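# Tertiary structure, described
The lines below spell out each chain.
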Amino acid sequence: MAVAGSRCALVIFTILLMTAVASGAKLSNYYYYRTCPNVESIVRNKVNQIVTADRGMAPGLLRLHFHDCFVRGCDGSVLLDSASHTAEKDAPPNFGSLRGFAEVDAIKATVESACPGVVSCADILALAARDAVVKVGGKYWSVPLGRKDGFTSSLVEANSSLPSPFSTFSQLVQNFAAVGLNAKDMVILSGGHTIGQAHCAVVIPRLYNFNGVPGATDPSLDPTFANLLRTLCPADEPLTFVGQMDATNGTFDNKYFKAVQSRRGLFPSDAALITNSFGRRVVSIAAKSPGSFSKDFGISMVKMGNIRVLTGAAGEVRRLCSAVNSN
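Calculation rules
- Residues numbered from 1 in each chain as written.
- Predicted model: local features only at pLDDT ≥ 70, side-chain atom pairs only at ≥ 80, totals over all residues.
- Heavy atoms only, no water.
- Helix = DSSP H or I, 4+ residues; strand = E, 2+ residues; numbered from the N terminus.
- Rg over C-alpha atoms; globule rule 2.2 N^0.38 Å.
- Buried < 20%, exposed > 50% of the residue type's maximum accessible area, 1.4 Å probe, protein only.
- Areas by Shrake-Rupley, 256 points an atom, 1.4 Å probe, with all protein chains shown as cover.
- Lys, Arg positive; Asp, Glu negative; His and termini not counted.
- Charge placed at Lys NZ, Arg CZ, Asp CG, Glu CD.
- UniProt positions renumbered as here; feature names shortened; annotations may be inferred.
- Contact = heavy atoms within 4.5 Å.
- Polar contact = N/O pair within 3.5 Å; in protein donor to acceptor, adjacent residues only side chain to side chain.
- Expected span 1.5 Å × (residues − 1).
- Axes fitted to C-alpha atoms, helices over the stretch in contact; angles between N-to-C directions.
- Parallel < 35°, antiparallel > 145°, perpendicular 65-115°, else oblique.
- Left-handed = near helix turned anticlockwise from the far one by under 90°.
- Nonpolar A, V, L, I, M, F, W, Y, C, P; charged D, E, K, R; others polar.

## Focus: the overall build of the chain
Broken down by element type, the chain carries 14 helices and 0 strands. Helices (α) and strands (β) of the chain occur, in sequence order from the N terminus, as α-α-α-α-α-α-α-α-α-α-α-α-α-α. For the chain, whose C-alpha radius of gyration is 21 Å, the value lies close to the compact-globule estimate of 20 Å for 327 residues. Expressed as a percentage of the 327 residues in the chain, the buried residues total 48%. Just so you have it, the chain exposes about 14900 Å², and 59% of that area is on carbon and sulfur atoms. Positive and negative charge centroids in the chain, built from 31 and 24 side chains respectively, lie 9 Å apart.

Structure follows, in structure tokens:
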């Protein structure tokens, strides 16, 4: 009976696997089961090497996936180069601040050595984001796979689609709703800032002449924290790195939400999370419960990773992440 049961389970698993891969309509946790069975360990090992060498690459890889998905969906379009400098990576929200392109190329090369022409750059971005978070203290979540790479990358679309760090709560909700994510997803995914880094350019408008008033500071900032930020960000040094976005910068935890509650969020969009009753409630739960935040973050990351994905013949598997295939 045990043998028969095992065979039955194997048959069911095989049918599910073949259906998921053949349909091309949905992502699957088993997409590369036959074609590249070790892809997750290959990506994880490479990400671990990268983040060990430079811990700042953890937020870089997470942000790269985020910025990919919010423009044209999770199709690897953020990785494409443009001779005319009109690709997503050339847009002001990305240019000079988005990190990880060379690292993704290195991961892709390692995957190609094992499984040539099989694993998309879009899937590598999704796996690398997860593995980077786990490497710096976050909890594991399963990443459904099977995305194909897109053919187009647009600076104009990046400018209009990416959330701004100066957004209000309602603007953030609208921005996330445009890609199928709800208000809770927005607040929870903002928690990625727990490992984030920031330039003073985003902070300076809150510290000096706020809203055009000479000498004014954003009243939503904790005064003691504002004084500290002024020492880190002189008014004439917008390119300086502030560094930490919460008390345990570089470690993925729920301390970001505690900082937001204490009016110590760096971005105006961080402060905006507690200007709305629903936002305050989600922030409060995440601040109280690391386990709740970790679980919700994984759920929202999977939802984000499903935004407008290309499957089947709708896309391709690029040989190089920075260029569409010549054929």
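## Let's talk about the UniProt feature "binding site: Ca(2+) 2" (unreviewed entry) in the chain
UniProt annotation of "binding site: Ca(2+) 2" (unreviewed entry) refers to Thr194, Asp246 and Asp253 when read in the numbering used here. Spanning 60 residues, the named residues form one tight spatial group whose C-alpha atoms are at most 9.5 Å apart. The buried category is assigned to Thr194, whose relative accessible area is 0%. When sequence neighbours within four positions are dropped, the list of residues in contact with Thr194 reads Asp246, Thr248, Asn249, Gly250, Thr251, Phe252, Asp253 and Tyr256. Looking at where Asp246 falls in the secondary structure, it is placed in the loop between α10 (223-232) and α11 (255-261). Taking the relative accessible area as the measure of exposure, Asp246 reaches 4% and is therefore buried. Ignoring any residue separated from it by four or fewer positions in sequence, one finds Asp246 in contact with Thr194, Asp253, Lys255, Tyr256 and Ala259. Reaching out from Asp246, the side chain makes a polar contact with the side chain of Thr194 at a distance of 2.5 Å.

## A word on the UniProt feature "active site" (unreviewed entry) in the chain
Following the UniProt record, the feature "active site" (unreviewed entry) maps to His67 here. Positionally, His67 belongs in helix α3 (residues 57-69). Relative accessible area serves as the criterion here: at 8%, His67 is assigned to the buried category. Contact partners of His67, with chain neighbours within four places excluded, come to Glu88, Pro93, Asn94, Leu98 and Leu162.

## A look at helix α14 (residues 290-304)
For α14, built from 15 residues, the straight-helix expectation of 21 Å at 1.5 Å per residue is met to within 8% by its first-to-last C-alpha distance of 21 Å. Among the structural elements, α3, α5 (121-135), α8 (183-190), α11 and α13 (277-288) are those in contact with the buried residues of α14.

## Some words on the packing of helix α4 (residues 101-114) against α5
If you want to describe how two helices pack, look at the angle between their axes and the distance between the axes. The contact between α4 and α5 brings their axes to 10 Å, and the two run at 110°. The pairing of α4 with α5 is recorded here as roughly perpendicular in orientation. Considering how the two elements wind past one another, α4 and α5 form a crossing that is right-handed. In this structure, α4 uses Val104, Ile107, Lys108 and Val111 to contact α5, whose residues at the interface are Cys121, Ile124, Leu125 and Ala128. The class makeup of the residues in the contact of α4 with α5 is 7 nonpolar, no polar and 1 charged.

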